[in-house]
Amino acid sequence: MQGNAKPSGAGKWLWYVERENELFIDADDPHRKGRRDLVLERLARCTLVKKVVRVAVAPSATPGNWHIAVELRVKLNETMRSAWRLRLGSDIFHEAHNMKRIALGVKYPNLLIRQTPIPGWRKSDAICECPEKHGAHPACEPGRRFRSTDTMNFFRDGSA
Ligand SMILES: [Zn+2]
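Residues numbered from 1 in each chain as written. Predicted model: local features only at pLDDT ≥ 70, side-chain atom pairs only at ≥ 80, totals over all residues.

(A) Structural view of the sheet that holds strand 6 (residues 126-128). Spatially, 5-1-6 is the arrangement adopted by the three strands of the open sheet, whose pairing is antiparallel. Looking at the sheet topology across the chains shown, the edges are occupied by strand 5 (111-114) and strand 6. Neighbour to neighbour, the strand axes of the sheet diverge by 20 degrees on average, direction disregarded. Of the pairings in the sheet, the one linking strand 1 (residues 13-17) to strand 5 comprises four bridges and is antiparallel in character. Looking across to strand 5, one finds that Tyr16 is bridged to Leu112. (Pairing = 2+ DSSP bridges. Helix = DSSP H or I, 4+ residues; strand = E, 2+ residues; numbered from the N terminus. Axes fitted to C-alpha atoms, helices over the stretch in contact; angles between N-to-C directions.)

Below, the structure written as structure tokens:
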């Protein structure tokens with residue numbers, strides 16, 4: 001889940017926007033039940049593995065949580081990418097937001113925002129220096145470009 005205990009004031013945020021030949025999987029595992037390995041095992045078993053060029057695994061800022069980046073030799077549309085992310089075990093809350101964005105026609109439905117580069121991966125698409133983890137994005141250039149007014153509050157209990 002997206003916790004509130006993220007470190008703040010830590011400098012830069014790297015924005016990785018998923019491309020048509022990529023899957024960015026948010027493997028949230030606060031109780032350390034092996035979600036990262038589950039995703040990697042599912043990936044190794046699935047038919048899509050034949051199309052995989054490389055995989056990178058990097059810890060997110062929250063202990064126990066991981067980001068898994070998969071490069072494919074094929075392009076998949078955004079709905080199919082969402083289906084694969086769900087199948088492989090990406091975080092349900094993260095993917096619910098991604099599917100909402102797809103339904104609303106948001107241009108960049110899936111991205112990762114990190115404080116460190118993904119080792120062995122391409123450069124990030126943008127960098128910002130916001131002091132806090134991203135909620136709303138009024139003052140952030142990548143936030144405006146990639147997220148507009150979208151926030152993570154959409155599915156919160158009690159929100160409309
Ligand atoms: Zn920002």
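(B) Representation of the pairing of strand 2 (residues 22-27) within the structure. Counting buried positions along strand 2 gives five out of six residues, so the element sits mostly inside the fold. Pairing geometry for strand 2 and strand 4 (residues 66-72), over six bridges, is antiparallel. In the sheet register, Leu23 faces strand 4, and the bridge partner there is Val70. (Buried ≥ 20, exposed ≤ 12 C-beta atoms within 10 Å, placed from the backbone.)

(C) Just the confidence of the model for the protein, in detail. Across the protein, pLDDT averages 88, with 89% of residues at or above 70. Looking across the protein, the model is least confident in helix 4 (residues 141-147), with a mean pLDDT of 89, and most confident in strand 4, with 98. Counting interchain partners and residues more than four positions distant, the pLDDT-below-50 stretch residues 1-6 has eight contacts. (pLDDT = per-residue confidence, 0-100. Contact = placed C-beta atoms within 7 Å.)

(D) Layout of the sheet that holds strand 2. Read across the open sheet, the three strands follow the order 2-4-3; overall the sheet is antiparallel. Only two strands of the sheet have a single neighbouring strand rather than two, namely strand 2 and strand 3 (52-59). Recorded for the sheet is a direction-independent mean angle of 15 degrees between the axes of neighbouring strands.

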